[in-house]
Amino acid sequence: MIETNKFKYEIKKTISKSHNTVIYLTRKEKTEEYYFLKTHEERENESNNRILENINFRKEISIVTSFDQPNIPKISDTFFDRNKSYIFYPYYEGRTLANIFLNCLNLNTEDSISLILQLLNALEYIHLQGYVFCNINPDSIFVNKDKGVILIDFGSTMTEEEAYKLTGEKIIGTIPYISLEQSGFTDLKVDTRSDLFCTAIIFYRLLCGKLPFSSENDTIERFLDQILKYDIHPIKDVPPIINAILIKALKPSPDDRYQTAIGMKHDIKIAQENINNVKNSMFILGENDDIAAVNQKKHFIAREYEISLLQKGENKLCKGIPSSFLFYGNSGIGKSYIVNEFKLHTNERKITFISLKCNRFTPAHPYSIFRLIMLEFISKLLSSTTPISIKQF
């Protein structure tokens, strides 16, 4: 039984597990209301990791509440105590893709394409907001009774800037649903193209019931060896165009793959029309992807003036002169983009950058935002790979 300040929830069953977290199906006591509950997995030994996990939960709440897309759930409620965090999501009747694979519930080609197109719709939206999902795998994909796709775990999601600064010292994601750059064994940077590679692995398994490179029990070394040394086997009984899409999407080098979810989605839609015997003209694989990649780079280019103002404030701060700036406006006009883009240009050797976003789940009591800022600062101290002197701050 989970008890919050308002209600009690009965745990009915486990939906999925990932990276020291677990998602349960719960029922609100004395009602027939069901919710998905994400919280920490029980462990005997507690450590500083729990502090980092709580901070990551708050980060997930901030990210998800800023999204508005049909394949991304809305948070219903949150609860925090000293040791654990709880995020409640709406309940959907259905099962995870992992459960579908486990029970060998084969989907036909058309249903598989439909699921992947929905997943790419979600990723297109996430990427345009400046984020990388970082953990596309069957446990993070929920398929409802109407064969609709819901992404249910944003615990690994990070900004493109955060992904770029990853040092390559650990695996990002869930083996075997990772790209070469997520393995921690290369100098390649994790970015939005990594999500598309993982999506292609899912697509391949949906179509033929097998993984393109290795089994789920292989070591990371064998997995990487297969990615680098062997071409994927074309899938029988699917149109050649789909095999061509998969071969492109599963290239080891990010530069050789699809660069955008928009481009990959465009080609899959052409394949979908071909399956339905709809006449279509010849097209060049990835042609729309090149156009989308150029357009995506132009996104929010008009914000350079605001970013230059913040950079002037940073220069003053380095000289000991504080500055304050107020950017305001309706949701979706690019305020978060300004902050994230400015962060890319900060001098981390001279200043520590901390950013937080208020939402309807931010505690309303006085000074709560300052408490969250301190938690974020502690997180930076705990996760730093080099000794830090508080005197520096």
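Residues numbered from 1 in each chain as written. Predicted model: local features only at pLDDT ≥ 70, side-chain atom pairs only at ≥ 80, totals over all residues. Heavy atoms only, no water.

(A) Layout of the sheet that holds strand S5 (residues 77-80). The sheet built from six strands is open, its strands ordered S1-S2-S3-S4-S6-S5 with antiparallel pairing. On the outer flanks of this sheet lie strand S1 (2-3) and S5, each paired with one strand and no other. (Pairing = 2+ DSSP bridges. Helix = DSSP H or I, 4+ residues; strand = E, 2+ residues; numbered from the N terminus.)

(B) Here's a closer look at the sheet that holds strand S7 (residues 94-96). Ordered by their spatial adjacency, three strands build an open sheet running S7-S9-S10, and the pairing between neighbours is antiparallel. For this open sheet the edge positions go to S7 and strand S10 (149-151), each flanked by a neighbour on one side alone. Between one strand axis and the next, the sheet turns by 25° as a mean value, whatever way the strands run. Running over the sheet, helix H3 (residues 109-128) touches strand S9 (141-144) and S10 and is turned about 35° from S10. (Axes fitted to C-alpha atoms, helices over the stretch in contact; angles between N-to-C directions. Contact = heavy atoms within 4.5 Å.)

(C) Main features of the side chain of Asn144. By the element assignment, Asn144 lies in strand S9. Within the structure, Asn144 has its side chain in polar contact with the backbone nitrogen of Asp146 (distance 2.9 Å). At 2.6 Å, the side chain of Asn144 and the backbone nitrogen of Gly148 are in polar contact. Beyond its immediate chain neighbours, meaning those up to four positions away, Asn144 contacts Tyr92, Glu93 and Gly94. (Polar contact = N/O pair within 3.5 Å; in protein donor to acceptor, adjacent residues only side chain to side chain.)

(D) Region of interest: the packing of aromatic side chains. Tallied over the entire structure, the rule returns 13 aromatic pairs. Aromatic side chains Phe67 and Tyr131 sit 5.6 Å apart centroid to centroid with 80° between the ring planes, which places their arrangement in the edge-to-face category. On the criterion of sequence distance, the pair formed by Phe67 in the loop between helix H1 (48-65) and S5 and Tyr131 in strand S8 (residues 131-132) is long-range, its members being 64 residues apart. Taken as a pair, Phe67 and Tyr131 share a single burial class, namely buried. Taking 5.1 Å as the distance between ring centres and 75° as the angle between the ring planes, the aromatic pair formed by Phe133 and Phe154 counts as edge-to-face. One end of the pair, Phe133, is in the loop between S8 and S9; the other, Phe154, is in the loop between S10 and strand S11 (158-159), with 21 residues separating them in the sequence. By relative accessible area, which is 1% here, Phe154 ends up buried. An aromatic cluster is defined as three or more aromatic residues linked by ring pairs; in this entry it consists of Tyr34, Phe36, Tyr91, Tyr92 and Phe142. Above the plane of the ring of Phe57 lies Lys38, whose end atom (NZ or CZ) is 5.4 Å from the centre. (Phe/Tyr/Trp six-rings, centres within 6.5 Å; stacked < 30°, edge-to-face > 60°. Buried < 20%, exposed > 50% of the residue type's maximum accessible area, 1.4 Å probe, protein only. Lys NZ or Arg CZ within 6 Å of the ring centre and 35° of its normal.)

(E) Examining the environment of Ala261 more closely. Mapped onto the fold, Ala261 is located in helix H8 (residues 261-275). Take Ala261: its relative accessible area is 3%, and that puts it in the buried class. Linking Ala261 and Leu196, residues 65 residues apart in sequence, is a C-alpha distance of 6.8 Å. In this structure, Ala261 is in contact with Leu120, Leu123, Glu124, His127 and Leu196, ignoring residues within four places of it in sequence.

(F) Fine view of the packing of helix H7 (residues 240-249) against H8. As a packed pair, H7 and H8 sit with axes 9 Å apart at the nearest point and diverge in direction by 160°. Classed by the angle they form, the pair H7 and H8 counts as roughly antiparallel. Crossing hand, H7 versus H8: left-handed. Across the interface between the two elements, Ile241, Ile242, Ile245 and Ala249 of H7 pack against Met264, Asp267, Ile268, Ile270, Ala271, Asn274 and Ile275 of H8. Partitioned by chemical class, the residues of the contact of H7 with H8 number nine nonpolar, one polar and one charged. (Parallel < 35°, antiparallel > 145°, perpendicular 65-115°, else oblique. Left-handed = near helix turned anticlockwise from the far one by under 90°. Nonpolar A, V, L, I, M, F, W, Y, C, P; charged D, E, K, R; others polar.)

(G) Focus on helix H10 (residues 304-318). Across its 15 residues, H10 extends 21 Å between first and last C-alpha, which sits within 8% of the 21 Å expected from 1.5 Å per residue. For H10, every residue scored as buried is listed here: Glu306, Ile307, Leu310, Gly313 and Glu314. Each buried residue of H10 sits inside an arc of 115° when the element is viewed along its axis, so together they form one side. Exposed positions of H10 whose direction lies more than 90 degrees from the buried face are Glu304, Tyr305 and Lys312. (Expected span 1.5 Å × (residues − 1). Arc of directions from axis to C-beta.)

(H) Up close: the pairing of strand S3 (residues 21-28). Of all eight residues in S3, eight are buried, a share of seventy percent or more. Where strand S2 (residues 8-18) meets S3, eight bridges bridge the pair, whose relative direction is antiparallel. Bridged to Ser18 within S3 is Thr21. Where S2 folds back onto S3 in an antiparallel hairpin, the turn is made up of two residues, including His19, whose phi is positive at roughly 50°.

(I) Main features of empty space enclosed by the protein. By the definition in use, this model includes three cavities of 30 Å³ or more. Every residue lining the second largest cavity is listed: Leu97, Leu115, Ile116, Leu119, Ile141, Val143, Val149, Ile202 and Leu206. Within the residue set of the lining of the second largest cavity, elements represented by two or more residues are H3, S9 and helix H5 (192-208). Looking at the lining of the second largest cavity element by element, the count peaks at three residues for H3. Residue composition of the lining of the second largest cavity, by class: nine nonpolar, no polar and no charged. (1 Å grid on protein atoms, 1.4 Å probe; cavity = no way out; pocket = protein on both sides within 12 Å on 5 of 7 lines; lining within 4 Å. Points joined across faces, edges and corners; volume = space filled by probe spheres on them.)

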